[in-house]
Amino acid sequence: MNRLASAAIIIIVFVASLRLFEVVWHRPAFADIVRQPGQWVGAVIIVIGSAIIHELLHGLAWKTLARVPWRSISFRPSWRKLGFVAAADLPMRASAYRTGMLLPALVLGFGSIVAGLMIGNGLVLLWGLFFLLECFADFAALLATREVG
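Summarised in this report is the structure supplied together with it. Every chain begins its residue count from 1, and numbering advances along the sequence as written. pLDDT decides what is reported in this predicted model: residues at 70 or higher carry local features, side-chain atom pairs at 80 or more are listed and counted, and totals for whole chains, interfaces and linings draw on all residues regardless. Side-chain metrics rest on all non-hydrogen atoms present in the structure, leaving aside hydrogens and water.

### Description of the packing of aromatic side chains
Applied cut-off: Only Phe, Tyr and Trp rings are paired, with Trp represented by its six-membered ring, and only when their centres lie within 6.5 Å; those with planes under 30 degrees apart are stacked, over 60 edge-to-face, the remainder tilted. By the criteria applied, helices consist of DSSP H or I runs no shorter than four residues and strands consist of E runs no shorter than two, each listed in order from the N terminus. Exposure is judged per residue with a 1.4 Å probe applied to protein chains only, and the accessible area is read against the type maximum: over 50% gives exposed, under 20% gives buried, and values in between give partly exposed.
Scanning the entire structure with this criterion turns up four aromatic pairs. Taking the centre distance of 5.9 Å and the plane angle of 5° together, the rings of Trp62 and Tyr97 count as stacked. On the criterion of sequence distance, the pair formed by Trp62 in helix H2 (residues 39-65) and Tyr97 in helix H3 (residues 94-119) is long-range, its members being 35 residues apart. Taken together, a centroid distance of 5.9 Å and an interplanar angle of 25° make the contact between Trp127 and Phe131 stacked. One end of the pair, Trp127, and the other, Phe131, are both in helix H4 (residues 122-133), four residues apart, so they sit about a helical turn from each other. When its relative accessible area of 9% is taken as the criterion, Phe131 is described as buried.

### Concerning H2
To keep things clear, this is the line we draw: Here the expected length of a helix is defined as 1.5 Å per residue gap, with one fewer gap than residues. Residue contacts are counted whenever heavy atoms from the two residues lie within 4.5 Å of one another.
The end-to-end C-alpha separation of H2 is 38 Å, in line with the 39 Å expected for 27 residues at 1.5 Å each. Buried within H2 are the following residues: Gly42, Ala43, Ser50, His54, Glu55, Leu57, His58, Gly59, Ala61 and Trp62. Tucked into the core, H2 has its buried residues touching strand S1 (73-78), strand S2 (83-88), H3, H4 and helix H5 (136-144). Looking one or two residues beyond H2, the residue adopting positive phi is Arg67, at roughly 55°.

### Observations concerning the nonpolar core
The test is simple: What is meant by a nonpolar core is a set of buried Ala, Val, Leu, Ile, Met, Phe, Trp, Tyr and Cys residues, joined one to another through side-chain atoms within 4.5 Å.
Among the nonpolar cores identified, the biggest contains 22 residues, and Ile113, Leu125, Leu129, Leu132 and Phe139 are the most heavily contacted of them. Of all the secondary-structure elements, those providing two or more residues to this core are helix H1 (2-25), H3, H4 and H5. Per-element tally for this core: the top contributor is H3, with five residues. Setting aside chain neighbours within four positions, we find Leu132 in contact with Ile10, Val13, Ala105, Gly109, Phe110, Ile113 and Phe139.

### Describing the pairing of S2
Our working definition: Strand pairing follows a simple DSSP-based rule, namely that at least 2 bridges must link the two strands.
When S1 meets S2, the two strands line up antiparallel, connected through six bridges. Following the sheet pairing, Phe75 is matched in S2 by Ala86. Hairpin connection, S1 to S2: the antiparallel pair is bridged by four residues, and Leu82 has positive phi, about 55°.

### Side note on the packing of H3 against H5
For clarity, the cut-off: Think of each axis as a best-fit line through the C-alpha atoms, taken over the contacting stretch in the case of a helix, with angles from 0 to 180 degrees between the N-to-C directions. The scheme is simple: roughly parallel for angles under 35 degrees, roughly antiparallel for over 145, roughly perpendicular for 65 to 115, oblique for anything else. Each helix crossing is assigned a hand: it is left-handed if the near helix lies turned anticlockwise from the far helix by less than a right angle, otherwise right-handed if that turn is clockwise. In this classification, Asp, Glu, Lys and Arg are treated as charged, Ala, Val, Leu, Ile, Met, Phe, Trp, Tyr, Cys and Pro as nonpolar, and every other residue, Gly included, as polar.
Axis separation between H3 and H5 bottoms out at 9 Å; the angle between their running directions is 150°. Taken together, the axis directions place H3 and H5 in an arrangement best described as roughly antiparallel. When you trace H3 past H5, the crossing you get is left-handed. Facing H3, whose interface residues are Tyr97, Arg98, Met101, Leu102, Pro104 and Ala105, H5 presents Asp138, Phe139, Ala141 and Leu142. Residue composition of the contact of H3 with H5, by class: eight nonpolar, no polar and two charged.

### Concerning unusual backbone geometry
One non-glycine residue, His26, adopts positive backbone phi at about 60°. Overall, the relative accessible area of 72% leaves His26 in the exposed class. In this structure, Gln39 takes a positive phi of about 45° despite not being glycine. Classification of Gln39 as exposed rests on a relative accessible area of 56%.

Shown next, in the form of structure tokens:
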């Protein structure tokens, strides 16, 4: 159920963002793909960089909000996610955990989506949607912990 709800959230944001961009800027966001610096190599660099920043944002939020020391935050390889994942090795308040899980979606995902909509840059909007897609498991974890106090 949590995965289905996560997928629904992401699909709604995707459709609404793409449609809003087209209404406001009178062109599809996909028209700006040709502006990708470095073409596919640039895109791969952005994917790798965003994945690293995504996990660092989790760790930074847990360190700041839950006061978890850096030595208790680990970045482990994950074959399932084809990259690294951040994990706090100490218990923390549910609110700090949730905020840490939400931070990459707010900063990378929604921040880029809003910026792309405001400045009329479809490429920035599309990257924001990709960054939001990277947060799929985070949304599922948030939904799974909604009953935890």
